[in-house]
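Residue-level listing of the chains:
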Amino acid sequence: MASKDSDTITDDIDQSKESLDRIHSTLKALGNPEKKLPPVIHVAGTNGKGSTIAILRAIAEAAGHRVHVYTSPHLVREVESVRVAGKLIEEETLEALLQRVENAVGSGTIAEFEATTIAALLAFSETSADLCIIEVGLGGRSDATNVFKKPAAVGITPVSFDHQEFLGETLAEIARHKAGIIKPGAPLVVGPQKKVALEVIQAEAGSHGVKPYLCDESWHVETKRDGSGLLYEDWKSVLDLPPLPLAGAHQTKNAAMAIALAHAQKAVTIPDAAIKAGLGWVRWPARLQEIKHTSYNELLPQGSDLWLDGGHNPAAAEVMRTFLQAVDPVERSITLVIGMMKTKDARGYLKPLAGLVNRVITVPIPDNDKAMTPATLAATATDVGINGLVAKDVPSALGMITEKAHPERPPFVVIAGSLYLAGNVLKQLDLLPN
């Protein structure tokens, strides 16, 4: 976006009270668009926010509602973050909105995420819709999205370690940031949590007089034994649901979280039939996304599998481990092609995969000077007990896999470790999210 070339919009992230004060003053200068939105569902957490929101959006749209959605980060194009009444915002429209934000900031500065958030709220306030679903960018308490006095509902997905440089080194500190979006009078749905995080969330909820809807207490989900779908139950409904089109056992809980949010909010009507229909058509790119019929597939031996995942923290690695445990280690070799940012816990991500992944091939993340060097990442893999190799890029890594492939053991390959890397892959393959 052209506006970002100025000195007003910066790349800096500022998780502070002053940052939120700046958001409020800029919103005020723009006529307080956050007060002119349709009912808002606000979602925080470490893992599963995006998937939960994608499922909730599909459910609400299946019910016939026009839905605004704000998510982050984008994979390929910034417009992916802003969905206005069901459609991605036009690039020219977003650029014009960012210019309005820049003008409102005046001689000061504002972080890129903050500016995009305000631009999204402007877009949402100027187009009619029935519901608005907003994903927290980082943390919650001081996040740029935390400007709603009484959301229609609030959700907190599983809290785990990530962004410690901003949110704190302990799970309790991180959970306190996430719980900062809880508001008096707003129904709260809480996903599966570790004990220390749950205690913090419950204490914050109690301070606002909110009784949360807790996973496995207020709502419950399980996969049918024959794999033909899901069984969901909460305070409102008992549902026999179709299987999810999203890969990974973790998506079952994300789907249940979305259903619980749909039931907790009272702003719009969402019948059970819409829940069933929405679950059938939901899509969420770069989250255990199978890649088929592309130039990358042609670089691998016949019968190979190729998947893409943007998970980048230890909790995401546990999800990956569960996913890969379904692969027969006798029939298939498993290779991870991985790139990661310097700020991520590479050891914490790779360690749960030791003994399961045959090798790790590390690659740079194109055009990103904040990425970990492939050599450092390969050394970390070797240190946790996985054979670590280095390649100059993803196609080269796929070529290395083919060279080493056993003729009777077609490779099972996952490109992982970073949403930035995943976005680059989608761009290279012309698989743009829409």
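Thresholds, definitions, all that
- Residues numbered from 1 in each chain as written.
- Predicted model: local features only at pLDDT ≥ 70, side-chain atom pairs only at ≥ 80, totals over all residues.
- Heavy atoms only, no water.
- Core = buried A, V, L, I, M, F, W, Y, C linked by side-chain atoms within 4.5 Å.
- Buried < 20%, exposed > 50% of the residue type's maximum accessible area, 1.4 Å probe, protein only.
- Helix = DSSP H or I, 4+ residues; strand = E, 2+ residues; numbered from the N terminus.
- Contact = heavy atoms within 4.5 Å.
- Pairing = 2+ DSSP bridges.
- Axes fitted to C-alpha atoms, helices over the stretch in contact; angles between N-to-C directions.
- Phe/Tyr/Trp six-rings, centres within 6.5 Å; stacked < 30°, edge-to-face > 60°.

1. Brief notes about the nonpolar core
No. 1: Judged by nonpolar contacts, the single largest core of 40 residues is most densely connected at Ile59, Tyr232 and Leu279.
No. 2: Considering every element that reaches this core, the biggest residue donor is helix α8 (residues 250-264), with nine residues.
No. 3: In this view, Ile59 contacts Ala258, Ile259, Ala262, Ile270, Ala274, Ile275, Gly278 and Leu279; residues no more than four positions away in its chain are not counted.
No. 4: One finds Ile23, Leu30, Ile134 and Phe148 within the second-largest nonpolar core, a separate group that totals 30 residues.

2. Description of the environment of Gly348
No. 1: One can find Gly348 in helix α12 (residues 346-350).
No. 2: Sequence separation between Gly348 and Gly45 is 303 residues, and the spatial gap between their C-alpha atoms is 19 Å.
No. 3: Once residues lying within four places of it in the same chain are set aside, the contact partners of Gly348 are Pro314 and Ala317.

3. Considering the sheet that holds strand β16 (residues 333-338)
No. 1: Read across the open sheet, the six strands follow the order β14-β15-β19-β16-β17-β18; overall the sheet is mixed. With partners counted over all chains shown, the strands left at the sheet margins are β14 (289-290) and β18 (387-390), one partner each.
No. 2: As paired strands, β16 and strand β19 (residues 411-416) are joined by six bridges and run parallel to one another. Bridge pairing in β19 places Leu336 opposite Val414.
No. 3: Contacting β15 (305-308), β16 and β19, helix α11 (residues 314-324) crosses the sheet at an angle of about 165° to β19.

4. Considerations on the packing of aromatic side chains
No. 1: Applying the stated criterion across every chain yields a total of five aromatic pairs.
No. 2: Their ring planes at 20° and their centres at 6.5 Å tell us that Trp307 and Phe412 sit as a pair that is stacked. With a gap of 105 residues between them, Trp307 in strand β15 and Phe412 in strand β19 connect regions that are remote in the sequence.
No. 3: Judged by relative accessible area, Phe412 falls into the buried class, the value being 7%.
No. 4: Between Phe323 and Phe412, the aromatic rings sit 6.1 Å apart at their centres with planes inclined by 55°, giving tilted as the arrangement. Taken together, the positions of Phe323 in helix α11 and Phe412 in strand β19 put the pair 89 residues apart, joining distant regions of the chain. For the pair shown, Phe323 and Phe412 are each scored as buried.
No. 5: Three or more aromatic residues joined by ring pairs make a cluster, and in this case those are Trp307, Phe323 and Phe412.

Honestly, that's just the spatial picture; any functional story needs more than this.
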